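Residues per chain, in single letters:
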Amino acid sequence: MAEGVGAQPQFGRPAPPPQTGWERLRELWRRDERQRYPEEMVNIVKSAFTGGVIGWVYGGLPAFYHARKAFIERSHGELFQNRADAVQSAHQAGLRSFIRYGWRWSWRVAAFVTIFNMVSTGLSVYRNKTTISNFASAGAFTGALFRMHLGLQGLAGGFVFGTAFGIPAGGLLMIMQKLAGETLQEKRNRERRELYEQKLAEWQSRLSVTEVLGQTESNAQGGLEMERARESRSF
């Protein structure tokens, strides 16, 4: 009995693609039938990782060279066992600064990129179209969020900086998508439509098979009843 109840939804008409912005946003956080996350979410994670690596290199390398140079300048009067020991100590000082300042830049860049992409992707999914205003709004929001602790002046500065960052970043991303043939939102809509059409065709095929089986069973039942009626008359 429990299996019949659990299998019943499979014979229902497949649900159409999401029509409203909120439905598309909810779908953004769900896995598909193959337990895969939407491509938009995968791209957000990839960009966050890439931003973290770039931030670490941007903040860590200058700190490494500066700390190494400062160590060499401070240690002219110190005695080392040999040249290798001196070089190793200088590298250790640089490595400590690379980790320390690289991490500071890494998490900030990763957080900025993540928030920016989440807001711009959310706006594109909700509005069902990719426009430069989505990226400008996302940049303004992210920049203001990062500078709001500096007061009203910092909030305004972050707003302007974020907008100035979002417009060219969004324009570059849209150009890359156009060169690929379709935007990410257009690709998502096409995949939704194709999946719905495939499920609808499968449902209609199963429905026709079910109707044929039902008709066959009904004919067989009717023939059996007629045969029983003839047998009862013969007696």
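Quick note: structure is the one above.
Residues numbered from 1 in each chain as written. Predicted model: local features only at pLDDT ≥ 70, side-chain atom pairs only at ≥ 80, totals over all residues. Heavy atoms only, no water.

Engineer: When you look at the overall build of the chain in this model, what are you seeing that I'm missing?
Structural biologist: Tallying secondary structure elements over the chain gives 7 helices and 0 strands in all. Reading the chain from its N end, one meets helices and strands in the order α-α-α-α-α-α-α. Counting over 235 residues, the chain shows a buried share of 28%. Partitioning the contacts of the chain with sequence separation of at least 6, the portion at a separation of at least 24 is 68%. Summed over all atoms, the accessible surface of the chain reaches about 16,700 Å², with 62% contributed by carbon and sulfur. (Helix = DSSP H or I, 4+ residues; strand = E, 2+ residues; numbered from the N terminus. Buried < 20%, exposed > 50% of the residue type's maximum accessible area, 1.4 Å probe, protein only. Contact = heavy atoms within 4.5 Å. Areas by Shrake-Rupley, 256 points an atom, 1.4 Å probe, with all protein chains shown as cover.)

Engineer: So what exactly am I meant to see when it comes to the environment of Gly122 here?
Structural biologist: Note on placement: Gly122 falls in helix α4 (residues 83-127). A residue is classified by how much of its surface remains accessible, and Gly122, at 14% relative accessible area, is buried. Distance from Gly122 to Trp22, taken between C-alpha atoms, is 9.9 Å for residues 100 residues apart in sequence.

Engineer: Just to check I follow, could you spell out the packing of aromatic side chains for this structure?
Structural biologist: Pairs of aromatic rings are described using the distance from one ring centre to the other and the angle between the two planes. The final tally for this structure, using the stated rule, is 9 aromatic pairs. A network of ring pairs unites the aromatic residues Phe112, Phe116, Phe135, Phe146, Phe161 and Phe165 as a single cluster. (Phe/Tyr/Trp six-rings, centres within 6.5 Å; stacked < 30°, edge-to-face > 60°.)

Engineer: I tried to follow empty space enclosed by the protein on my own but got confused; where do I start?
Structural biologist: Taking a probe equal in size to a water molecule and rolling it over the atoms shows the remaining empty space. Under the criterion given, the structure shown has 1 cavity of 30 Å³ or more. Approximately 30 Å³ is the volume attributed to the largest cavity. Lining the largest cavity are Glu39, Glu40, Leu184, Lys187, Arg188 and Glu191. Listed by contribution, the elements that provide at least two residues to the lining of the largest cavity are α3 (39-74) and α7 (184-234). No other element matches α7, which puts 4 residues into the lining of the largest cavity. Grouping the amino acids of the lining of the largest cavity by side-chain chemistry returns 1 nonpolar, no polar and 5 charged. (1 Å grid on protein atoms, 1.4 Å probe; cavity = no way out; pocket = protein on both sides within 12 Å on 5 of 7 lines; lining within 4 Å. Points joined across faces, edges and corners; volume = space filled by probe spheres on them. Nonpolar A, V, L, I, M, F, W, Y, C, P; charged D, E, K, R; others polar.)

Engineer: What is the right way to read the layout of surface pockets from this model?
Structural biologist: Considered as a void within the structure, the largest pocket measures approximately 1,200 Å³ in volume. Around the largest pocket, the lining is made up of 40 residues, and of these Ser47, Val113, Phe116, Asn117 and Phe165 lie nearest the centre. For the lining of the largest pocket, the secondary structure elements donating two or more residues are α3, α4, α5 (132-147), α6 (151-179) and α7. No other element matches the 12 residues that α4 contributes to the lining of the largest pocket. In terms of residue class, the lining of the largest pocket is built from 18 nonpolar, 15 polar and 7 charged.

Engineer: So what exactly am I meant to see when it comes to α5 here?
Structural biologist: The α-helix winds at 3.6 residues per turn, so residues separated by three or four positions along the chain end up facing the same way. An ideal rise of 1.5 Å per residue puts 22 Å on 16 residues; α5 measures up with 23 Å between its terminal C-alpha atoms. Restricting attention to buried positions, one finds in α5 the residues Asn134, Phe135, Ala136, Ala138, Gly139, Ala140, Thr142, Gly143 and Ala144. (Expected span 1.5 Å × (residues − 1).)

Engineer: Whenever I open this one, the environment of Leu95 confuses me. Can you help?
Structural biologist: Looking at the element boundaries, Leu95 is found in helix α4. By relative accessible area, Leu95 is classed as partly exposed at 45%. The sequence separation of Leu95 and Ala63 amounts to 32 residues, and the corresponding C-alpha distance is 8.7 Å.

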